[in-house]
Each structure stands twice: as structure tokens, then as C-alpha cells.
Amino acid sequence: MDRNSIIGILLIGAVLIAWSYFASPSEEEIQAERRRRDSLAQVEQQKEMQQKEQDIERSTEKKAEPTFTPEQNSTLNLDSADTKLMKKYGVFGVSAKGENKTFTLENEKVEIEIHSLGGRPYYVRLKEFQTYDSLPLKLFSGDSTKFGFNWVTNDAQVPIITQQLYFEAYKQTRTDSGQQLVMRLSAGEDRYVDYKYTLHHDDYMVEFDVDLHNLGDIIKNDYLSFDWAIYMPSVEKGYEWEERNSSVYYRYKGGDVDYLSETGDDEEKLNEQIEWVAFKQQFFSSILIPERPFTDLFIETQMTADQQFVKYVSCEAYMPYMAQRESDYSFDFYFGPNKYERLKSHEKEFEELLPLGWGIFGWVNKLIVINLFEWLGKYISNYGIIILILTLIIKTGLFPLTYRSYRSTAKMRVLKPEIDEINKKFPKKEDAMKKQQATMSLYKKAGASPMGGCLPMLLQLPFLIALFRFFPASIELRQQSFLWADDLSSYDSIVQLPFEIPWYGDHVSLFVLLMTIVNFIYINMNNKNNPQSTGMPGMKTMMYIMPLFMLFFFNNYASALSYYYFVSLLITILQTWAFRQMIDDKAIRAQININKKKPVKKSKFQQRMEQMAKQQQQKKR
């Protein structure tokens, strides 16, 4: 080993030692992390103890006395029961029994029902929308939801779970800007927890502030747990598509938006700063935005066997508790539609909830398609007509390139006899280079390009893929009818089958059938006009298989997309027929003969290619 190697090894070792020293946590950080873990362990231990105690109580109560609901217990004056509750819940025993009352906050867009049991939103209804069955659209509803804080106190036998305790309506006010409701959870004299809900006019955003007053000597946790979970109700026509577009989304602070699996159960433990968490459905979302980013978060999504619900989604956030704060925690909730402009107006990257595609496809939707839809929607109420006009606009914009593509195809058609002669002249495999050189020389003299017809297709591809993502995600198309389709955001059905065909479904979509038929007509016409396709039988077969594949795939897709493809193919067929009438093969032949007589200047690239070909031939000799 030489001197340089020894010096290199010593330097690497010095760097590793220095890195381990500076990167290791300080004693204060180690103690803080230990306290946090101890607090979390206490919470889990207390939960287990509570569950065991509840199981014992249930078995004892079943033998000794009949059960009563919390509302029934509130009417009984049992000192022994009060003593037991005070022992079990400590200072919060005064709120362990009561009467469940209902309070409502509403504006022009949202109605929120809040229950005194847990002080939690019991349901949220969007007033401007209905389900597919014409019922009131609720983002969540019922006792299946979970909402509240959990912590451990010095004087209670069990963890305090606010959802199990009774709040009182401490203050309810109405102002010119909106409504406010303060729910108070009493913990004795001058000790309480306040939930303050604020709903402004004409807004989907709800402010939620939490104040833990004079509880610093009672709560012994360094961290509190905030739990929020709901069962997403199914509100759309196509259950499978709604299920595949529902999950938990979240955004890293100043970074990207990510999400859990949309096709199965999934969970994630996040220890980075998270700016918001969203329970996202196909067209609606419930978004939680903390004032200070979450740094310790557990999120989960589960599939459900009951088709009344799309999925079960939950988040559990552990947040540091600091008793000296006047208002301990502040949040915003967005309960509303996944409409691009509205989501974008909040400037928090909410618009990333919409699956508009990545890269250039997303930009086509954001910069062109959405703006066109917004503009046309101001003047036209029928979205079937809007899609037709959108198709015409796209086809008109691509018309010059489409025309050039057809002229290039016509030149290739005229040159086909000469190409066949070249193929006959060089039939052997070892003459492949000569055949290619002769073919390219013919193209060069004639002023034709075999790739001339590809550019328009490449330019149309971003629109095809962008609209493939846009139509199922566009809330503008939701429950919009056109012809026989009653919902352009879902499949159209003219026949309901008494059985289900694998990969196809239990219904027949007419727009998909029309699209498939027109696609076969276009492929047949294109094969006649394009002489190159006859030399590639495998490719020709594949072109006919693709429409059959689309027949199965699109049957359960948004009918707006099938309708768009159907109209687009019809326009393409009409254009092809018109070009065939406009372009004369004899005139193209005459122009090609003129081009052949002109001297052809070889490019430097072509010269290098020919030189390389000659060198390869010399090596073979």
C-alpha cells in the first residue's frame, strides 16, 4: 500500500469520526425524545387498561343491572355513579355524563351539525350537491366517525378521550361575516377545554381552535393525540371508479403531494413536517390544515366490504403540549368540491388532489383544457355541446399539421412502386445497407419523408392522454346528462346485462360501441391510404386489436371520454376524405419528378453516414 492510499484511508476515517460526533443528538434531544416515547407508551398502556376495565364493567353490569344510554344516565341522580365517574375520569368526571344535543352551523354552501357528545362535527352536508340517487350529499355522517383529542391526566384511571365526554354550548354568535360556536368541556372550577368553530359566509373553509385552559398541572403528557377518521360514503354512480379515486393525500412542507394506495389497504408513519392531510374522494374532499405543520403523523386507508362506504380513512397526529399558550391548537378544515380553480385559490397546492396527469399532460389540462372548459361554460350550459366545440377547436388547431401529414402519406403512396423495385433489386440480407441507402436517396430526391406523418400524431398524443385523465376528474361533468348518458363523468348504459362479463362489466355503453365502430372504419381507411402498413402485417393486426381492447377498457370509463374520441375520429375521417379529394396523386408525381431533377445537396450528417457505410463494406471485403 503506497503513501497516498494510507493518507486517503486516514482522511476517510477522520471524516467518519467527525460526522458521527457532530450528527449525534445532544443530551437534551435524547431526553426530549425519551420523554416523547414515554408519553406515547403511557397513552397506549392507558388505552389497554381502559379497554380491560370496560370489558370487566360490561360483564358485571350485565349480571347486576340493566344498561342505560348516556342520555338515560343523565336523568338519574346517583351519587355512587358520580363518585365512580370522578374516580375514573378525575376532574373530567363532571363531563362524563350528560345529554347529547345538536347545534348547527351553515352558510350558502355548507351545513355542519355538531353534537355535544364529543363536541364534534357529526355530519357535513354540501348544500349545492346531491348524490347520484338525488339524496343530500354528506361527506361523512354518524357515529362511525372519530374526532377528538386524547391525553393522560394525573388524577384519572383511564386516558381522557374527548369524544366520550359531553361538551356544552358555551357561546353561539352570528355576525355579518359568519357564525361562531364555542363548545366547552368542563373540568371543574376554571378548568376547561374549548372547541371554537367559525364558519364564514359563502365559504367551504371552517376554522377550528382548541384552548386547554388551566390544565397544565393535570395533563402529564408532553404530547397529545388528535384522532380524525371517517367512513367515506359512496355518492357517485360508478362505485368501482369512485373507489379507485379515493384515498388519503398529504403534502410535505414546501414540497410534493403524496398519497396512500388507492387500490388496497395502506398505512404510513410520517415523521416529517406535513402541511395538510386530505380525505379525498373522486369529486369531494375533507382537508385538515394545522396552523403548525404536523411532525408526528400516522395515516391509514382501508377497503370496506359494505358498498354504502367507499373506504375507511384515518389520521392520528401527536402534537406537543405547551400549557402556556393562550390558544393551544388552531386548524382549518376544507369541506368542499374538488374544483380546480377553487382548490388553487387557497395557494396550498390543494389542486394536486386532482389526477390531471404528470408532466406535459398535466400542463395541457391546467393551461388549455380547464381554461377552455371554464370559458365555454360561461356561454353554454350543455356539456355535450361544450365537448363537441372543444374537439373542433383542437382539430382546427392541428389542421395545418394534419394536412402536411396527409401530403407526406400521399408522397409515400406515389413512391411505393419505386420502393418495391428497390426491394426486388436488393433481396438479400447482406444488401440491407445498400437497400437502405437507395431508399433514403429516393426519399431525398423526391422531397418525401417516411416520418412526415408522425409529427401530427405526436402532437395529438398529449391531448389524448390529458383528456383521458381530465374527464373522470372533472366535477363540471358530474351528473351532466347528454343524449342517452345521464352522467358524463361516469359510464353510459343502454342495456343492463343480467350477468357480468369479466373485464367488461354488466352493462353496454353505446358511446364505446360507436367509438369502436368508427375506429375500425378509420383504421381500414388509413391502411388503404398508407402503403407502408401493408408491408408490416404484425402492425396491421395490432391496429385492429387495439379497438377491441378499448371496447373492454372504456366500458366502465367516463362516457365524456368515449364521446370525445368518437367525435374526434369522425372529424378525422371527414378530414381524410376531404384531403383525398383535394390532393391529386398525378400532381404529386409531377412535383416529385421535378424534385428529382434538382441537385441534391448532402448534409454533413448524411456525408458521415455514407462514409461510415463505405468503411463497413471495406471491412467486410
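For the structure given in this document, a descriptive report is provided here. (Residues numbered from 1 in each chain as written. Predicted model: local features only at pLDDT ≥ 70, side-chain atom pairs only at ≥ 80, totals over all residues. Heavy atoms only, no water.)

**Side note on the sheet that holds strand 5 (residues 146–151)**
Formally: Strand pairing requires that DSSP identify at least two bridges connecting the strands. Runs of E in the DSSP output that reach at least two residues are strands. Runs of H or I that reach at least four are helices, and both are numbered from the N terminus.
Spatially, the six strands line up as an open sheet ordered 6-5-11-18-17-14, and their pairing is antiparallel. This sheet does not close on itself; its edge strands, each paired only once, are strand 6 (160–161) and strand 14 (266–270). Two strands pair when backbone bridges link them, and strand 14 and strand 17 (residues 297–303) are joined in this way by five bridges, in the antiparallel orientation. Following the sheet pairing, Leu270 is matched in strand 17 by Leu297.

**Quick word on helix 7 (residues 359–377)**
What counts, and what does not: Helices are assigned an expected span. That span is 1.5 Å times one less than the residue count. Working definition for bend: take the seven residues up to and ending at a residue and the seven starting at it, fit an axis to each, and measure the angle between the axes. To sort residues, take the accessible area from a 1.4 Å probe on protein chains only and compare it with the maximum for the residue type: under 20% means buried, over 50% means exposed, and anything in between is partly exposed.
Between its terminal C-alpha atoms helix 7 stretches 26 Å, which fits the 27 Å expected from 19 residues at 1.5 Å a residue. The largest bend along helix 7 reaches roughly 35° and is located at Asn365. Among the residues of helix 7, those classed as buried are Phe361, Gly362, Val364, Asn365, Lys366, Val369, Ile370, Leu372, Phe373 and Leu376.

**Examining the environment of Gln302**
Rules: Whether two residues are in contact is decided by their heavy atoms: any pair within 4.5 Å suffices. Whenever two N or O atoms come within 3.5 Å, that pair is a polar contact, provided that in protein one can donate a hydrogen and the other can accept it, and provided that, for residues adjacent in sequence, both atoms are side-chain atoms.
Of note, Gln302 is situated in strand 17. Judged by its relative accessible area of 29%, Gln302 falls in the partly exposed class. Note: C-alpha distance between Gln302 and Ser247 (55 residues apart in sequence) is 8.9 Å. Aside from chain neighbours lying at most four places away, what touches Gln302 is Asp265, Lys311 and Tyr312. In this structure the side chain of Gln302 is engaged in a polar contact, spanning 2.6 Å, whose partner is the side chain of Glu300.

**Considerations on the packing of aromatic side chains**
To keep it simple, the criterion reads: Stacked, edge-to-face and tilted are the three classes for Phe, Tyr and Trp ring pairs, Trp counted by its six-membered ring, which pair at centre distances within 6.5 Å; planes under 30 degrees apart are stacked, over 60 edge-to-face, the rest tilted.
Across all of its chains, the model carries 48 aromatic pairs by this definition. Consider the rings of Phe149 and Phe226, whose centres lie 4.9 Å apart with planes at 45°: the pair is tilted. With Phe149 in strand 5 and Phe226 in strand 11 (residues 223–233), this pair connects stretches of sequence that are 77 residues apart. Judged by relative accessible area, which is 1%, Phe149 ranks as buried. Taking 4.8 Å as the distance between ring centres and 50° as the angle between the ring planes, the aromatic pair formed by Tyr231 and Tyr312 counts as tilted.

**Quick notes on the side chain of Ser285**
Position of Ser285 relative to the elements: it lies in strand 16 (residues 284–290). Only 2.7 Å separates the side chain of Ser285 from the side chain of Asn338, close enough to count as a polar contact.

**Section: the pairing of strand 7 (residues 168–174)**
Looking at chain direction, strand 7 and strand 8 (residues 178–186) are connected through six bridges and run antiparallel. Of the residues in strand 8, the one forming a bridge with Thr173 is Gln180. Linking two consecutive strands that pair antiparallel, namely strand 7 and strand 8, is a turn of three residues.

**Regarding the pattern of salt bridges**
Note the cut-off: Salt bridge, as applied in this entry: a Lys or Arg side-chain nitrogen positioned within 4 Å of an Asp or Glu carboxyl oxygen.
Taken as a whole and judged by the stated rule, the model has 15 salt bridges. Among the ionic pairs, Asp486 bridges to Lys237, the shortest N-O distance being 2.9 Å. Here Asp486 is found in the loop between helix 11 (454–473) and strand 20 (495–501), whereas its partner Lys237 is found in the loop between strand 11 and helix 5 (239–244), with 249 residues between them in sequence. Taking relative accessible area as the criterion, Asp486 reaches 34% and is therefore assigned partly exposed. Each of the salt bridges in this network shares a partner with another, and the network as a whole consists of Lys109, Glu128 and Asp202.

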